[in-house]
Amino acid sequence: MKLKALEISGFKSFADKTKIEFMPGMTGIVGPNGSGKSNIIEAIRWVLGEQSARDLRGTKMTDVIFAGAANRKPLNRAEVSMTFDNSDHYLKSDYAEVRVTRRLFRNGESEYRINGNQCRLRDVVSLFMDTGLGRESFSIISQGRVEAVFNSKPEDRRTIIEEVAGVYKYKQNKDKAEKE
Ligand code: ATP
Ligand code: MG
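Residues numbered from 1 in each chain as written. Chains lettered and ligands numbered in written order. Predicted model: local features only at pLDDT ≥ 70, side-chain atom pairs only at ≥ 80, totals over all residues.

So, on to the site of ligand 1. Not every one of the 14 residues close to ligand 1 is listed here, only the nearest: N33, K37, S38, N39 and A67. Looking at the shell around ligand 1 residue by residue, the classes come out as three nonpolar, eight polar and three charged. (Near = placed C-beta within 6 Å. Nonpolar A, V, L, I, M, F, W, Y, C, P; charged D, E, K, R; others polar.)

Put into C-alpha coordinates, the structure is as follows:
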(Lines give C-alpha, C1' and ligand atoms only; values in the text may rest on other atoms or scores of the structure.)
(Ligands and ions follow the chains in the order given, each with its own letter.)
Protein backbone atom coordinates (compact mmCIF):
# COMPACT_ATOMS: atom_id res chain seq x y z
CA MET A 1 0.00 0.00 0.00
CA LYS A 2 1.32 3.43 -0.91
CA LEU A 3 0.02 6.90 -0.28
CA LYS A 4 -0.53 8.45 -3.70
CA ALA A 5 -2.30 11.73 -3.20
CA LEU A 6 -3.97 14.05 -0.74
CA GLU A 7 -6.63 16.53 -1.85
CA ILE A 8 -7.67 19.28 0.51
CA SER A 9 -10.40 21.83 -0.09
CA GLY A 10 -12.00 24.25 2.36
CA PHE A 11 -10.10 22.61 5.22
CA LYS A 12 -8.40 25.07 7.62
CA SER A 13 -6.08 27.40 5.66
CA PHE A 14 -6.60 25.47 2.39
CA ALA A 15 -9.50 27.42 0.89
CA ASP A 16 -8.70 26.45 -2.68
CA LYS A 17 -8.54 22.87 -3.80
CA THR A 18 -4.97 21.69 -3.25
CA LYS A 19 -3.61 18.37 -4.47
CA ILE A 20 -0.40 16.93 -3.11
CA GLU A 21 0.95 13.96 -5.04
CA PHE A 22 3.40 11.74 -3.22
CA MET A 23 6.31 10.43 -5.26
CA PRO A 24 8.27 7.27 -4.39
CA GLY A 25 10.68 7.75 -1.49
CA MET A 26 10.49 10.26 1.28
CA THR A 27 8.45 13.46 1.19
CA GLY A 28 9.22 16.50 3.29
CA ILE A 29 6.89 19.45 3.68
CA VAL A 30 8.66 22.70 4.40
CA GLY A 31 7.42 26.26 4.77
CA PRO A 32 7.45 29.30 7.03
CA ASN A 33 5.61 29.37 10.35
CA GLY A 34 1.86 29.45 9.91
CA SER A 35 1.97 28.37 6.27
CA GLY A 36 -0.14 25.24 6.86
CA LYS A 37 2.27 22.33 7.38
CA SER A 38 0.51 21.07 10.49
CA ASN A 39 -2.85 21.63 8.76
CA ILE A 40 -1.77 19.07 6.15
CA ILE A 41 -1.05 16.46 8.81
CA GLU A 42 -4.36 17.31 10.48
CA ALA A 43 -6.14 16.84 7.15
CA ILE A 44 -4.68 13.31 7.02
CA ARG A 45 -5.80 12.53 10.57
CA TRP A 46 -9.22 14.02 9.86
CA VAL A 47 -9.90 11.97 6.75
CA LEU A 48 -8.88 8.85 8.70
CA GLY A 49 -11.69 9.61 11.13
CA GLU A 50 -10.30 11.85 13.87
CA GLN A 51 -13.22 12.74 16.15
CA SER A 52 -11.56 15.12 18.58
CA ALA A 53 -11.88 18.79 17.60
CA ARG A 54 -9.41 19.62 20.36
CA ASP A 55 -6.74 17.36 18.89
CA LEU A 56 -7.23 19.33 15.69
CA ARG A 57 -6.59 22.55 17.64
CA GLY A 58 -10.23 23.62 17.59
CA THR A 59 -13.16 23.70 19.98
CA LYS A 60 -15.85 22.29 17.71
CA MET A 61 -15.47 20.15 14.59
CA THR A 62 -16.77 22.86 12.23
CA ASP A 63 -13.66 24.90 13.19
CA VAL A 64 -11.80 22.88 10.53
CA ILE A 65 -13.81 24.62 7.80
CA PHE A 66 -11.99 27.57 6.19
CA ALA A 67 -13.00 30.50 8.39
CA GLY A 68 -12.13 33.30 5.95
CA ALA A 69 -9.12 35.55 5.56
CA ALA A 70 -8.46 39.25 5.01
CA ASN A 71 -9.93 39.31 1.51
CA ARG A 72 -11.69 35.98 1.42
CA LYS A 73 -15.10 34.95 2.71
CA PRO A 74 -15.49 31.88 4.94
CA LEU A 75 -16.50 28.65 3.19
CA ASN A 76 -19.33 26.31 4.05
CA ARG A 77 -17.66 23.01 3.43
CA ALA A 78 -14.40 21.21 4.18
CA GLU A 79 -13.41 18.21 2.13
CA VAL A 80 -10.34 15.97 2.25
CA SER A 81 -9.58 12.90 0.12
CA MET A 82 -6.68 10.56 0.39
CA THR A 83 -5.77 8.08 -2.35
CA PHE A 84 -3.76 4.90 -1.85
CA ASP A 85 -2.22 2.54 -4.34
CA ASN A 86 -3.68 -0.72 -3.04
CA SER A 87 -2.48 -3.02 -5.81
CA ASP A 88 -1.00 -5.31 -3.13
CA HIS A 89 -4.45 -5.35 -1.42
CA TYR A 90 -2.88 -4.54 1.92
CA LEU A 91 -6.09 -2.68 2.70
CA LYS A 92 -8.94 -5.17 2.75
CA SER A 93 -10.62 -3.85 -0.35
CA ASP A 94 -11.05 -5.26 -3.84
CA TYR A 95 -10.03 -1.93 -5.31
CA ALA A 96 -6.46 -1.56 -6.58
CA GLU A 97 -6.75 2.14 -5.79
CA VAL A 98 -8.59 3.20 -2.66
CA ARG A 99 -9.84 6.75 -2.20
CA VAL A 100 -11.24 7.83 1.14
CA THR A 101 -13.16 11.09 1.46
CA ARG A 102 -14.59 13.04 4.37
CA ARG A 103 -16.80 16.11 4.07
CA LEU A 104 -18.21 18.42 6.66
CA PHE A 105 -20.74 21.22 6.22
CA ARG A 106 -21.16 24.23 8.46
CA ASN A 107 -24.58 22.98 9.59
CA GLY A 108 -22.79 19.97 11.06
CA GLU A 109 -23.76 17.47 8.37
CA SER A 110 -20.94 15.13 7.52
CA GLU A 111 -20.18 12.40 5.08
CA TYR A 112 -17.60 9.66 4.52
CA ARG A 113 -16.96 7.94 1.23
CA ILE A 114 -14.79 5.04 0.13
CA ASN A 115 -14.21 5.06 -3.63
CA GLY A 116 -17.16 7.37 -4.06
CA ASN A 117 -19.61 5.18 -2.15
CA GLN A 118 -21.11 6.76 0.90
CA CYS A 119 -20.24 4.85 4.05
CA ARG A 120 -20.08 5.17 7.83
CA LEU A 121 -17.18 6.37 9.96
CA ARG A 122 -17.02 2.81 11.24
CA ASP A 123 -16.26 1.54 7.71
CA VAL A 124 -13.34 3.95 7.36
CA VAL A 125 -12.01 3.01 10.80
CA SER A 126 -12.27 -0.70 10.06
CA LEU A 127 -10.57 -0.30 6.65
CA PHE A 128 -7.46 1.07 8.39
CA MET A 129 -7.61 -1.03 11.54
CA ASP A 130 -4.41 -3.02 12.13
CA THR A 131 -2.71 -1.39 9.16
CA GLY A 132 -0.63 0.90 11.37
CA LEU A 133 -2.35 3.91 9.85
CA GLY A 134 -5.60 4.21 11.82
CA ARG A 135 -6.62 7.35 13.66
CA GLU A 136 -5.24 5.96 16.95
CA SER A 137 -1.98 4.69 15.51
CA PHE A 138 1.53 5.95 16.06
CA SER A 139 2.30 6.45 12.40
CA ILE A 140 1.51 10.11 13.01
CA ILE A 141 3.34 11.66 15.93
CA SER A 142 2.58 15.31 16.59
CA GLN A 143 5.04 17.86 17.96
CA GLY A 144 3.76 17.53 21.54
CA ARG A 145 3.59 13.75 21.44
CA VAL A 146 7.30 13.28 20.75
CA GLU A 147 8.00 14.68 24.19
CA ALA A 148 5.23 12.60 25.75
CA VAL A 149 6.78 9.42 24.31
CA PHE A 150 10.25 10.29 25.59
CA ASN A 151 9.02 11.30 29.03
CA SER A 152 6.72 8.32 29.53
CA LYS A 153 7.39 5.57 32.06
CA PRO A 154 9.26 2.52 30.68
CA GLU A 155 6.10 0.35 30.94
CA ASP A 156 4.06 2.90 29.01
CA ARG A 157 6.78 3.24 26.40
CA ARG A 158 6.80 -0.51 26.00
CA THR A 159 3.06 -0.44 25.31
CA ILE A 160 3.66 2.13 22.58
CA ILE A 161 6.35 -0.02 20.98
CA GLU A 162 4.13 -3.10 21.20
CA GLU A 163 1.34 -1.21 19.53
CA VAL A 164 3.60 -0.05 16.70
CA ALA A 165 4.92 -3.59 16.26
CA GLY A 166 1.36 -4.92 16.04
CA VAL A 167 1.78 -7.10 19.15
CA TYR A 168 -0.55 -5.13 21.36
CA LYS A 169 -3.80 -6.48 19.93
CA TYR A 170 -2.62 -10.07 20.55
CA LYS A 171 -1.77 -9.21 24.15
CA GLN A 172 -5.22 -7.73 24.58
CA ASN A 173 -6.79 -10.89 23.13
CA LYS A 174 -4.66 -13.01 25.49
CA ASP A 175 -5.67 -10.95 28.53
CA LYS A 176 -9.31 -11.24 27.50
CA ALA A 177 -9.02 -15.02 27.02
CA GLU A 178 -7.35 -15.44 30.42
CA LYS A 179 -10.18 -13.59 32.13
CA GLU A 180 -12.83 -15.73 30.48
P1 ATP B 1 4.57 26.14 12.29
O2 ATP B 1 5.81 26.11 11.46
O3 ATP B 1 4.52 27.31 13.19
O4 ATP B 1 4.28 24.84 12.97
P5 ATP B 1 2.58 25.46 10.26
O6 ATP B 1 3.14 25.56 8.88
O7 ATP B 1 2.44 24.12 10.87
O8 ATP B 1 3.37 26.45 11.23
P9 ATP B 1 -0.27 25.61 10.60
O10 ATP B 1 -0.39 25.53 12.07
O11 ATP B 1 -0.54 24.38 9.81
O12 ATP B 1 1.16 26.19 10.21
O13 ATP B 1 -1.20 26.75 10.02
C14 ATP B 1 -1.67 27.77 10.81
C15 ATP B 1 -2.49 28.72 9.96
O16 ATP B 1 -3.71 28.09 9.58
C17 ATP B 1 -2.83 29.96 10.77
O18 ATP B 1 -2.54 31.08 9.97
C19 ATP B 1 -4.32 29.85 10.97
O20 ATP B 1 -4.97 31.08 10.95
C21 ATP B 1 -4.75 29.03 9.77
N22 ATP B 1 -6.00 28.37 10.02
C23 ATP B 1 -6.27 27.40 10.93
N24 ATP B 1 -7.56 27.05 10.91
C25 ATP B 1 -8.13 27.81 9.94
C26 ATP B 1 -9.45 27.93 9.44
N27 ATP B 1 -10.47 27.18 9.90
N28 ATP B 1 -9.68 28.83 8.46
C29 ATP B 1 -8.67 29.59 7.97
N30 ATP B 1 -7.42 29.53 8.39
C31 ATP B 1 -7.14 28.65 9.37
MG1 MG C 1 3.19 23.25 12.68
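Here we take up the environment of R122. Take R122: it is sitting in helix 2 (residues 121-128). Here R122 falls in the exposed class, since 10 other C-beta atoms lie within 10 Å of it. With 10 residues separating them along the chain, R122 and Y112 place their C-alpha atoms 9.6 Å apart. (Helix = DSSP H or I, 4+ residues; strand = E, 2+ residues; numbered from the N terminus. Buried ≥ 20, exposed ≤ 12 C-beta atoms within 10 Å, placed from the backbone.)

On to the sheet that holds strand 2 (residues 18-21). Reading across the sheet, the six strands line up as 2-1-3-4-5-6 and stay open at both edges, with antiparallel pairing between neighbours. The sheet terminates laterally at strand 2 and strand 6 (117-119), the two strands that pair on one side only. Strand-to-strand, the axes of this sheet are offset by a mean angle of 20°, without reference to chain direction. Each of strand 1 (2-9), strand 3 (77-85) and strand 4 (97-105) is contacted by helix 1 (residues 37-47), which is oriented at about 80° to strand 3, the strand it contacts most. Against the sheet, helix 2 touches strand 4, strand 5 (110-114) and strand 6, its axis set at about 40° to strand 5. (Pairing = 2+ DSSP bridges. Axes fitted to C-alpha atoms, helices over the stretch in contact; angles between N-to-C directions. Contact = placed C-beta atoms within 7 Å.)

What follows covers the UniProt feature "binding site: ATP" (unreviewed entry) in the chain. Within this structure's numbering, the places UniProt gives as "binding site: ATP" (unreviewed entry) are P32, N33, G34, S35, G36, K37, S38 and N39. Looking at the secondary structure, you find P32 in the loop between strand 2 and helix 1. For P32, a count of 7 C-beta atoms within 10 Å puts it in the exposed group. The residue K37 is located in helix 1 in this model. Excluding residues within four positions of it along the chain, K37 makes contact with I29 and G31. (UniProt positions renumbered as here; feature names shortened; annotations may be inferred.)

Let's shift gears to helix 1. What sets the pattern is the α-helix's 3.6 residues per turn: residues three or four places apart point alike. Among the residues of helix 1, I40, E42, A43, W46 and V47 are the ones counted as buried. The buried residues of helix 1 occupy one face: seen down the axis, they fall within an arc of 165°. For helix 1, the secondary structure elements touched by its buried residues are strand 1, strand 3 and strand 4. G49 lies just past helix 1 and shows a positive phi near 110°. (Arc of directions from axis to C-beta.)

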